[in-house]
Amino acid sequence: MARFVFITGGVVSSLGKGLASAALGALLQARGYSVRLRKLDPYLNVDPGTMSPFEHGEVFVTDDGAETDLDLGHYERFTGVHARGTDSVSSGRIYSDVLEKERRGDYLGKTIQVIPHVTNEIKDFISIGEDEVDFMLCEIGGTVGDIEGLPFFEAIRQFSQDKPRGQCIFMHLTLLPYLAASGELKTKPTQHSVKELRSIGLQPDVLVCRSEQEIPEKEREKIALFCNVRSDAVIPAYDLKSIYEAPMAYHKVGLDQAVLDAFQIAPAPKPNMDRWLDVQDRIHNAEGEVKVAIVGKYTQLEDAYKSIAEALTHGGMANRTKVKAEWIDAEIFEGSDAAPHLEGYHAILVPGGFGERGTEGKIKAAQFAREKKIPYLGICLGMQMAVIEAARNLADIKDAGSEEFDHEAGKKRFEPVVYHLKEWVQGNHVARRKVDDDKGGTMRLGAYTANLKDGSKVAKVYGETAIEERHRHRYEVDIKYRDKLEEQGLCFSGMSPDGRLPEIVEVKDHPWFIGVQFHPELKSKPFAPHPLFADFVRAAVEVSRLV
Ligand code: GLN
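Residues numbered from 1 in each chain as written. Predicted model: local features only at pLDDT ≥ 70, side-chain atom pairs only at ≥ 80, totals over all residues. Heavy atoms only, no water.

Viewed as axis vectors pointing N to C, helix α14 (residues 359-372) and helix α15 (residues 381-393) meet at an angle of 70°, and their least axial separation amounts to 8 Å. Between α14 and α15, the angle falls in the class roughly perpendicular. Taking contact as the criterion, the partners of Thr359, Glu360, Lys362, Ile363, Ala366, Gln367 and Arg370 in α14 are, on α15, Leu381, Met385, Ala386, Ile388, Glu389, Arg392 and Asn393. Residue composition of the contact of α14 with α15, by class: six nonpolar, three polar and five charged. (Axes fitted to C-alpha atoms, helices over the stretch in contact; angles between N-to-C directions. Helix = DSSP H or I, 4+ residues; strand = E, 2+ residues; numbered from the N terminus. Parallel < 35°, antiparallel > 145°, perpendicular 65-115°, else oblique. Contact = heavy atoms within 4.5 Å. Nonpolar A, V, L, I, M, F, W, Y, C, P; charged D, E, K, R; others polar.)

Right, here's the structure in full:
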């Protein structure tokens, strides 16, 4: 049965709880343990699928087709363990399940209450698959004291009581603010935060303290004394240049040791840090730099494309080069020439997106990349834009467009080269959708197989001809335009196994122009860069050598 680590946060949000959890997962793996990470989010949305990327950052999609919190992306990138739909839950999901059971009569007419009905639902969620791993790491979103968070804190308190002694520990992240005027690190907010936790029955075993300044031994002792934590379980967390330094940094300050001590695991298995030493070496010893333009819509918030930014970094690590990604708002060159905005970049990436706004700019970016022979990676909407561009400018279908935009505008303006998919094969059943279906959870979601054409560029990049990648979209390139487009040099080099859904297109006489209907960025890891990103960056390096 798994041991459980519950990770909570206090004082302020955005302390890097997700990163600390992910790094701890990696460190436990380095000691030979199997791990799974989970996120429990107090917000009332049923899942993040319909939340704006501006507000919430990217939606991370799992193999089994769940739309989850972006922290699950961190977990995967650090541990390589593929997340599942059952690794992410929100208050909205918990309440909606409880209410569904109530309507079904499952509670036999009882009064439904937060304790025990909501807390039981949370506890059931936490224990899913508990026999499969050595450690289950559960991160609670938000900070202690948030109104919505209370049922989760209560549930983990009960959970630890239900389990035998020593099977659950609590790790709490706080901030030590530095007052420049007096030159002091202040421990009071941490004390208050722990007091808040203790008032609801939770005593942290490990305290991770974010600080911009070195934490003197004296302050550590003080925190330990006032927060009732052992002093070697007060772990400093300093700012890092790269998030991928976190496992080594946390290891050096004893986080994994403190966690194993809290479980009284002695002697602790020796860690093998080779993977993270290599990752660190690649970060610190990168030569040169390539500039990649990311032409998108949600450019104000970098978290909106978190996995893409990370996958590009991994691509850089594969080539031992730095990747400077610059975010360009596609709308700025809609009414004008794209060239002045895109010249000087060694590669162009058009990421996924929804809605018509900015799409004419993305189409221009695809055209620029194709004509100037600049490496182009189009992801999901970025592939659809590349196909529309080729249809308009190579195959002479002047009004080529996507049904998505006509639906949005409520009138027909385009020839639907990209159309609304209403029926497709999912495993061994047929999935069906209508245009006016609910927005949540109705897309083609999760892992699907694609067969790659022998001898194509993508087959070479992947080194195999059957791949599995994650999807999240409603619209598809219409196969009926295939012949016309292939005649003009846009090759359909990856298809769904039934041959009906185009998965990958590539431009024939071009050094590197690939569009993919799926999201390769979701599967990239620092220690295993995704082949498409690794090769895209390699192509960018080649361009940078020419100039
Ligand atoms: N909006 C497009 C679709 O639904 C593309 C989605 C995406 O890029 N993730 O098909």
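Now for the nonpolar core. Ranked by size, the top nonpolar core spans 59 residues in total, and within it Val5, Phe135, Met171, Val206, Val208, Tyr250 and Leu255 carry the most contacts. For this core, the element with the most residues is helix α1 (residues 17-30), which contributes nine residues. Aside from chain neighbours lying at most four places away, what touches Val5 is Leu24, Phe135, Met136, Leu137, Cys138, Ile169, Met171, Val259 and Phe263. In terms of nonpolar packing, the next biggest core, distinct from the first, is built from 43 residues, Ala293, Leu381, Ala390 and Ala395 among them. (Core = buried A, V, L, I, M, F, W, Y, C linked by side-chain atoms within 4.5 Å. Buried < 20%, exposed > 50% of the residue type's maximum accessible area, 1.4 Å probe, protein only.)

Turning to the sheet that holds strand β6 (residues 135-140), a few remarks are in order. Strand pairing in a sheet relies on backbone hydrogen bonds, with the paired strands running either antiparallel or parallel. Read across the sheet, seven strands follow the order β5-β2-β6-β1-β7-β10-β11 without closing on themselves; strand pairing throughout is parallel. Both edges of this open sheet fall to β5 (88-90) and β11 (234-238), since each of them pairs with a single strand only. Strand-to-strand twist of the sheet, defined as the mean angle between neighbouring strand axes without regard to direction, takes the value 20°. The sheet contact formed by strand β2 (residues 35-41) and β5 spans three bridges and is parallel. The residue of β5 that forms the bridge with Asp41 is Ser90. Along the sheet, helix α6 (residues 150-162) makes contact with β1 (3-9), β2, β5, β6 and β7 (168-175), crossing β1 at roughly 155°. Running over the sheet, helix α10 (residues 255-262) touches β1, β6, β7, β10 (206-211) and β11 and is turned about 160° from β10. (Pairing = 2+ DSSP bridges.)

Our next topic: empty space enclosed by the protein. Taken as a whole, this structure holds two cavities of 30 Å³ or more when the rule is applied. Taken as a whole, the second largest cavity spans an internal volume of roughly 50 Å³. Arg36, Leu37, Leu72, Tyr75, Glu76, Thr79, Val81, His82, Ala83 and Asp87 are the residues that line the second largest cavity. Listed by contribution, the elements that provide at least two residues to the lining of the second largest cavity are β2 and α3 (71-79). Taken together, the residues that form the lining of the second largest cavity break down as five nonpolar, two polar and three charged. (1 Å grid on protein atoms, 1.4 Å probe; cavity = no way out; pocket = protein on both sides within 12 Å on 5 of 7 lines; lining within 4 Å. Points joined across faces, edges and corners; volume = space filled by probe spheres on them.)

Considering all chains together, one arrives at 13 aromatic pairs under this definition. Aromatic side chains Phe4 and Phe6 sit 6.1 Å apart centroid to centroid with 10° between the ring planes, which places their arrangement in the stacked category. Across the pair, exposure class does not vary: Phe4 and Phe6 are buried alike. Ring geometry for Tyr305 versus Trp327: centroids 5.6 Å apart, planes at 5°, classification stacked. With Tyr305 in the loop between β12 (289-296) and α12 (306-318) and Trp327 in strand β13 (residues 322-329), this residue pair connects regions lying 22 residues apart in the sequence. (Phe/Tyr/Trp six-rings, centres within 6.5 Å; stacked < 30°, edge-to-face > 60°.)

All right, on to the site of the ligand then. Near the ligand, the surroundings consist of Gly352, Gly353, Phe354, Cys380, Leu381, Gln384, Glu404, Arg472, His473, Arg474, Tyr475 and His519. Within the side chain of Glu404, a nitrogen or oxygen atom sits 2.7 Å from a nitrogen atom of the ligand. A distance of 2.9 Å separates an oxygen atom of the ligand from a polar atom in the backbone of Arg474. Calculation on the ligand without its partners gives an accessible area of 290 Å², and the protein chains cover 99% of this total. Taken together, the elements giving at least two residues each to the shell around the ligand come down to α15 and β21 (466-473). Considering only residue class, the shell around the ligand consists of four nonpolar, five polar and three charged. (Near = heavy atom within 4 Å. Polar contact = N/O pair within 3.5 Å; in protein donor to acceptor, adjacent residues only side chain to side chain. Areas by Shrake-Rupley, 256 points an atom, 1.4 Å probe, with all protein chains shown as cover.)

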